[in-house]
Amino acid sequence: MSAPFALNLSRSSGFATGPVPNVYRQVACCEDDAAEIDAESRGRSRVQQLNPHVHCSVIGTCLSTAELRKIVAKHGHIDAARASDVEIHHEGVSIASQTAGGKALSKALDKRHEAVIRSFEKAKDADALEALWQQALQGGAIAGAYWALMSHRHVTAELRQRAFGDVHMLSHLVGAANRADIRRLATLEQECADWREQSERLQARIAELLQENQQLRLDVEGLKMESSVARVRPAEPPGDVESLQRELSVERQFSALQMQRCDTAEQQQAASAASEERLRAELEGARRHIDMLGRELHGAEAHLQALAAPEHDTSESLRLAIQGRRVLYVGGRPSSTPAIRKLVTDSGGEFVHHDGGLEDRKGLLASALAGAHLVAFPVDCVDHDSVGNLKRLCTRHEVPFLPLRTASVTCFAAALLAHAEEQEPARPTFRMCLRHG
């Protein structure tokens, strides 16, 4: 009997990250032949009939931690309520070779991926299976397709080995994506902190200006009262003409000085009011930017939680915002568009992409808009002509559009969540074809 092969685990993805063994090298050739003959006679293979080397990848990829914890609580030998996710995974791999544990795992896998298994049952040979597997790889629906392929009666040793290697490499790609999202999350948190600090400074400055404005108003009122008192001062007994002229000149100078001080105070008050209005506008803009960064931060956290918990592909609100909808994405970057496509398809939506005129003709925008329930485009990755044409088409056909601040996945997710909060998600309805009527 060959020594068991130890596989490293990645909690964020559920995939095996160690060296790729020969997954079709069974424990003993006689046992291997007997298991294959029995599986062929009964149709699909069970978990306990597979090579123990693939148990780690099948359980980690195709089952959620919550489902596996329930099975381990019944058939395992550890305290499932207190065990960590890694310990639960180890125990699940251990009971996969047992009759009762393997039967429970197979039942849970069949129930979770029933729809995908039915689609794979249509394949009558290895070539059809390989085509379905490649289609699942491109669409990002790996979990159900991996179990349906591994347990299919027409799968070959070469195809099993190739699928095992594909899942193995996906763990590295998901790990790299996690690191990029974590860096993006840290950047958003720093930007939010900076904007909050700037907002506090603006509020303190506005309070100072309000206090100065109130003091200026009090000074103006005092000057007006002094001027009115000077005007109603009782006349003194008439004296000589020269003394009266001197007093009149002094009174005129005092009145001119008072008027000048009043004018200066009113100008300062007007300047203070204008400065206060400008600061209020800047504060409002800062608050809007903080809200937008907060939505992106929430989208990034939801995306990271979805990657860390395979049983939740995306957040519930984001899934409801996308499910059953056709999303047209115009422009964008080649590095982030595939991730946005995967986010939409995993949430049950349909993704249509138009690059804005780099390779796709701009005249195809009208046909790409046919049947779309929502249009999104990053303002920093699409030209102005395409944006103007797209807004006219969306207005004409009453299709909502979302201008995105950047081409990142988190910005896309945040915009969809904000759009879903503004209006109740409408179920997909029949739309008239723009070309055929």
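Overview of the structure.

How each quantity is defined
- Residues numbered from 1 in each chain as written.
- Predicted model: local features only at pLDDT ≥ 70, side-chain atom pairs only at ≥ 80, totals over all residues.
- Heavy atoms only, no water.
- Helix = DSSP H or I, 4+ residues; strand = E, 2+ residues; numbered from the N terminus.
- Buried < 20%, exposed > 50% of the residue type's maximum accessible area, 1.4 Å probe, protein only.
- Areas by Shrake-Rupley, 256 points an atom, 1.4 Å probe, with all protein chains shown as cover.
- Pairing = 2+ DSSP bridges.
- Right-handed = clockwise from strand over helix to strand, strands pointing away.
- Axes fitted to C-alpha atoms, helices over the stretch in contact; angles between N-to-C directions.
- Contact = heavy atoms within 4.5 Å.
- Core = buried A, V, L, I, M, F, W, Y, C linked by side-chain atoms within 4.5 Å.
- Arc of directions from axis to C-beta.
- Phe/Tyr/Trp six-rings, centres within 6.5 Å; stacked < 30°, edge-to-face > 60°.
- Salt bridge = Lys/Arg side-chain N within 4 Å of Asp/Glu carboxyl O.
- Left-handed = near helix turned anticlockwise from the far one by under 90°.
- Nonpolar A, V, L, I, M, F, W, Y, C, P; charged D, E, K, R; others polar.

**Some points on the overall build of the protein**
Inference 1: Looking only at helices and strands, one finds 15 helices and 4 strands in the protein.
Inference 2: The burial tally for the protein puts 41% of its 437 residues in the buried class.
Inference 3: A total of about 24,700 Å² of accessible surface is found on the protein, and carbon and sulfur atoms cover 54% of it.

**As for the pairing of strand β2 (residues 350-354)**
Inference 1: Here 5 bridges tie strand β1 (residues 326-330) to β2, and the two strands are oriented parallel to one another. From the neighbouring strand, L328 faces β2, where its bridge partner is V352.
Inference 2: For the crossover that starts at β1, traverses helix α12 (residues 337-346) and ends in the parallel β2, the hand is right-handed.

**Side note on the sheet that holds strand β4 (residues 401-404)**
Inference 1: What the 4 strands build is an open sheet, ordered β2-β1-β3-β4; its pairing is parallel. Strands with a single pairing partner mark the edges of an open sheet, and in this sheet they are β2 and β4. Adjacent strand axes in the sheet meet at a mean angle of 20° when their direction is disregarded.
Inference 2: Judged from the 3 bridges that link them, β1 and strand β3 (residues 374-378) form a sheet pairing that is parallel. Residue Y329 lies in a different strand from β3, and its bridge partner there is A376.
Inference 3: Lying on the sheet, helix α14 (residues 384-397) is in contact with β1, β3 and β4; it crosses β3 at an angle near 165°.
Inference 4: Lying on the sheet, helix α15 (residues 409-422) is in contact with β1, β3 and β4; it crosses β4 at an angle near 140°.

**Quick notes on the nonpolar core**
Inference 1: Core analysis: the biggest nonpolar cluster contains 38 residues, and V58, L105, W133, Y146, W147 and L149 have the highest contact counts within it.
Inference 2: Those elements giving two or more residues to this core turn out to be α2 (52-62), α3 (65-75), α4 (85-95), α5 (99-112), α6 (114-120), α7 (126-139), α8 (142-150) and α9 (157-231).
Inference 3: Among the elements that line this core, the one with the most residues is α8, at 7 residues.
Inference 4: The contacts of W133, once residues within four sequence positions are left out, are F120, I142, A145, Y146, L149, A163, D166 and V167.
Inference 5: Ranked by size, the runner-up nonpolar core spans 21 residues in total, among them Y329, A413, A415 and L417.

**With respect to α3**
Inference 1: Among all positions in α3, only L68, I71 and V72 are buried. Seen end-on, α3 carries its buried residues on one side only, within an arc spanning 100°. Those residues of α3 that are exposed and angled more than 90 degrees off the buried face are K70, A73 and K74.
Inference 2: Tucked inside the fold, the buried residues of α3 contact α2, α4 and α5.

**With respect to the packing of aromatic side chains**
Inference 1: Under the defined criterion, the tally for this structure stands at 4 aromatic pairs.
Inference 2: Ring pairs connect the aromatic residues Y329, F351 and F412, which therefore count as one cluster.

**Details of the pattern of salt bridges**
Inference 1: Counted by the stated rule, this structure contains 14 salt bridges.
Inference 2: In this structure, D79 engages R82 in a salt bridge whose closest nitrogen and oxygen atoms are separated by 3.8 Å.
Inference 3: K342 is the partner of D346 in a salt bridge, and the nearest nitrogen-oxygen pair spans 2.6 Å. Taken together, the residues D346 and K342, both in helix α12 and 4 residues apart, mark about one turn of the helix.

**Concerning the environment of A123**
Inference 1: In this fold, A123 is placed in the loop between α6 and α7.
Inference 2: For A123, a relative accessible area of 3% translates into the label buried.

**A closer look at the packing of α2 against α8**
Helix packing geometry: the angle between the two helix axes and the distance between the axes.
Inference 1: The interhelical angle for the contact between α2 and α8, taken along N-to-C directions, is 145°, at an axis separation of 8 Å. At the point where α2 passes α8, the crossing takes the left-handed sense. In this structure, α2 uses S57, V58, T61 and C62 to contact α8, whose residues at the interface are I142, A143, Y146, W147 and M150.
Inference 2: Among the residues making up the contact of α2 with α8, the classes are represented as 7 nonpolar, 2 polar and no charged.

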